[in-house]
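The chain contents come next:
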Amino acid sequence: MDNKVTRIFSILIFTLAIAIQTTTAQPLSIEWGKEQPYHKKGETKSIEIIKYEKPYVFYLVSTSALSGAKEFIVKHNWNTGKNIEFDIEVKHKLGERVNSSAEIVEGNLEIRSYIYALKRSHQTQVQKLILDTANLEIKKDRETVEPDSTNDRFEIPEFVLENYDPNFGKYKTDKSGNYYFGIRKFKNKKDKSKFRNSIISLAYYPIDTKTPVQLELKLPENLYISYYKIALNDKEEIICTGVYSKKDLKSAYGCFSYVIAPKLSKIISSNIKEFPTSLLSKGLDEKEATEIAKKTAKNKEFDNEYFYKCSDIHFNKDGSFTMSVEKSRIEIITRNNLTTIHYYFDDIYVLSFKPDGTVKWMQKLVKNTHATDADILASHYHLKYDDNDNVYFIFNQSQTKKPLYLSKESKTICIKYDINGNEKYSEINTNGAEPKYLCPIFFEDAGPDSVIIVQHNYDVAIQRTGSSKNTIKFGILKLK
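Residues numbered from 1 in each chain as written. Predicted model: local features only at pLDDT ≥ 70, side-chain atom pairs only at ≥ 80, totals over all residues. Heavy atoms only, no water.

Engineer: For this particular structure, what's the right way to read the overall build of the protein chain?
Structural biologist: Broken down by element type, the protein chain carries four helices and 29 strands. Expected size for 480 residues packed as a compact globule is a radius of gyration near 23 Å; at 24 Å, the protein chain falls within 12% of this value. Summarising its shape, the C-alpha atoms of the protein chain cover approximately 65 × 60 × 50 Å along the three principal directions. Sorting the 480 residues of the protein chain into buried and exposed places 53% on the buried side. In the protein chain, the proportion of contacts linking residues at least 24 apart, taken out of those at least 6 apart, comes to 52%. When the accessible area of the protein chain is evaluated, it comes to approximately 24000 Å², of which 48% is carbon and sulfur surface. (Helix = DSSP H or I, 4+ residues; strand = E, 2+ residues; numbered from the N terminus. Rg over C-alpha atoms; globule rule 2.2 N^0.38 Å. Buried < 20%, exposed > 50% of the residue type's maximum accessible area, 1.4 Å probe, protein only. Contact = heavy atoms within 4.5 Å. Areas by Shrake-Rupley, 256 points an atom, 1.4 Å probe, with all protein chains shown as cover.)

Engineer: Can you walk me through the sheet that holds strand β4 (residues 70–77) in this structure?
Structural biologist: The strands making up a sheet associate through backbone hydrogen bonding, with each pair oriented either parallel or antiparallel. Spatially, the four strands line up as an open sheet ordered β2-β3-β4-β5, and their pairing is antiparallel. Only two strands of the sheet have a single partner each, and these edge strands are β2 (43–53) and β5 (83–88). Between one strand and the next, the sheet's axes are offset by a mean angle of 20 degrees, whatever the strand orientation. Examined bridge by bridge, β4 and β5 share six bridges and lie antiparallel to one another. What sits directly across from lysine 75, in β5, is isoleucine 84. (Pairing = 2+ DSSP bridges. Axes fitted to C-alpha atoms, helices over the stretch in contact; angles between N-to-C directions.)

Engineer: Any chance you could explain the environment of phenylalanine 345 here in plain terms?
Structural biologist: Tracing the sequence through the fold places phenylalanine 345 in strand β21 (residues 338–353). Sequence spacing of phenylalanine 345 and glutamate 71 is 274 residues, and the spatial spacing of their C-alpha atoms is 29 Å. Beyond its immediate chain neighbours, meaning those up to four positions away, phenylalanine 345 contacts Glu326, Lys327, Ser328, Lys367, Asn368, Thr369, Ala371, Ile376, Ser379 and His380.

Engineer: Help me understand the pairing of strand β22 (residues 359–372), please; the structure alone is not making it clear to me.
Structural biologist: Side chains on a regular strand alternate between the two faces of the sheet. Burial runs high along β22: 13 of the 14 residues are buried. By the bridge criterion, 11 bridges tie β21 to β22 in an arrangement that is antiparallel. When the bridges of β22 are listed, phenylalanine 345 appears paired with threonine 369.

Engineer: Before we go on, may I ask you to explain the side chain of lysine 364 in this structure?
Structural biologist: Examined against the element boundaries, lysine 364 turns out to sit in strand β22. Only 3.4 Å separates the side chain of lysine 364 from the backbone oxygen of leucine 279, close enough to count as a polar contact. Ignoring sequence-local partners within four residues, the contact set of lysine 364 consists of Leu279, Leu280, Ser281, Lys282, Asp347, Ile348, Tyr349, Tyr417 and Glu423. (Polar contact = N/O pair within 3.5 Å; in protein donor to acceptor, adjacent residues only side chain to side chain.)

Engineer: Would you mind going over the nonpolar core with me for this structure?
Structural biologist: What tends to happen in soluble globular proteins is that the nonpolar side chains get buried as a cluster. Within the largest apolar cluster, 56 residues are counted, with the highest numbers of intra-cluster contacts made by Phe181, Phe275 and Leu351. Of all the elements, strand β14 (residues 223–232) adds the most residues to this core, at eight residues. Setting aside chain neighbours within four positions, we find phenylalanine 275 in contact with Val243, Ala252, Tyr253, Gly254, Cys255, Leu280, Tyr349, Leu351 and Met362. Counting residues in each nonpolar core, the second largest holds 35 residues, with Leu28, Ile47, Trp78 and Ile452 among its members. (Core = buried A, V, L, I, M, F, W, Y, C linked by side-chain atoms within 4.5 Å.)

Engineer: Which parts of the structure should I look at to understand unusual backbone geometry?
Structural biologist: For residues other than glycine, phi is negative in most cases, and the peptide bonds are mostly trans. Residue proline 55 follows lysine 54 across a cis peptide bond; omega there is 15 degrees. For proline 55, the location among the structural elements is in the loop between β2 and β3 (56–64). You will see that asparagine 222, though not glycine, has its phi angle at about 70 degrees, which is positive. Its location among the elements puts asparagine 222 in the loop between β13 (213–217) and β14. At aspartate 389, a position not held by glycine, the phi torsion is positive, near 65 degrees. Tracing the sequence through the fold places aspartate 389 in the loop between β23 (381–385) and β24 (391–398).

Engineer: Would you mind going over the pattern of salt bridges with me for this structure?
Structural biologist: A side chain of one charge can pair with a side chain of the opposite charge when the charged atoms of the two come close. Enumeration according to the criterion identifies 19 salt bridges in this entry. Among the ionic pairs, lysine 282 bridges to glutamate 423, the shortest N-O distance being 2.8 Å. You can see lysine 282 sitting in the loop between α3 (277–280) and α4 (286–297) and its partner glutamate 423 sitting in strand β26 (residues 423–429), a full 141 residues away along the chain. What makes lysine 282 partly exposed here is its relative accessible area of 26%. When its relative accessible area of 30% is taken as the criterion, glutamate 423 is described as partly exposed. With a shortest N-O distance of 3.7 Å, lysine 436 and glutamate 434 are connected by a salt bridge. Linked by salt bridges that have partners in common, Asp303, Lys327, Asp347 and Lys364 make up one network. (Salt bridge = Lys/Arg side-chain N within 4 Å of Asp/Glu carboxyl O.)

Right, dumping it as structure tokens:
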């Protein structure tokens, strides 16, 4: 059985399995607002919800256009569909990059625009503009301001910029502004693309003495840390967790965790746990499961083409912590001089640890989302934690081997794991909306039991041109 046939059969087996679950699962429904017409400002690249207070939604849009990138604020009336827009226009030099953020502060809408200089040695400028929230009219003219010490960390120490591991994610700071981050070094430069035989150290950079402290993290022999994240708990202990692989391999064989005292003074605990075969083979057919069992028994590669992306670490009320790790791979196909990039977002490992770092439970969510550049916005997942530390994953799933935008059979799914790792599957009733146009990358939490759903028709004939089809619609999904 070739790989394509095997994949189709695997999806059918998984679909049958979840169909059995849905016989008892109550479908979730979306309460939709009014559809908004195309804004005529290019191709939408991001939608950031600033505030939802029914019946209004304030949101920031960034677009890519032939005339240049654009940013604007929208005040949308959920009931009537009426929009008020404000274009963010920032003067800057050719080649400089501008990004804006917005929030409601003391009843006003505050826009902060960041002008990133051409050279890293030049300081980033920050400009602030204040609008009223009634009609998005200027209340206080644009002015240049000093970077906020807590939010706008542009004057990053050179040691941090030159040494932190970009694959690990953004550096962290404690309450005093000291920096923590990861450093990855390689025994062999050829290993960089696959992290083989890499050495991970954590670094602590105190802002008062500017004398860095480093702590190497050592797993048992022949194992190495591949993908990881760090976070600081309430005690300002450093938590480092992620997945590991075996020497000369890339496949994730298990997970690890470290609990480290403040200032990297000592390792309080370290734990590793190998993924059981039952976890690795979840959602696969019998032949694929047998093949994985054979390969893991012989310490061979079983996920050679995959990369892994770790979510941020979430701390539960009892001090335990949870993170997710998504598997994905890229396939580049060239036919008749036309190149298409295919993205496969597959399994998500959900890992929960006790406060001391030992594994509490492990789960695997079978996602199976296939995308290209055209539908990449619809192919991510939304991750949410409620007040009881239940974790939700909301995503679109194609039911065929085709990418989402070509598939006539796709579903929007919500998977819930409670604090003990029990799984609940629910399909979301989209009320006639096409799941392939729901974009989880734009979703936003709206309280402990609700999520703002964003439907965006992303179809364009030519990049950066936009289309009259590019409508936007918001909905509210109740999780309980």
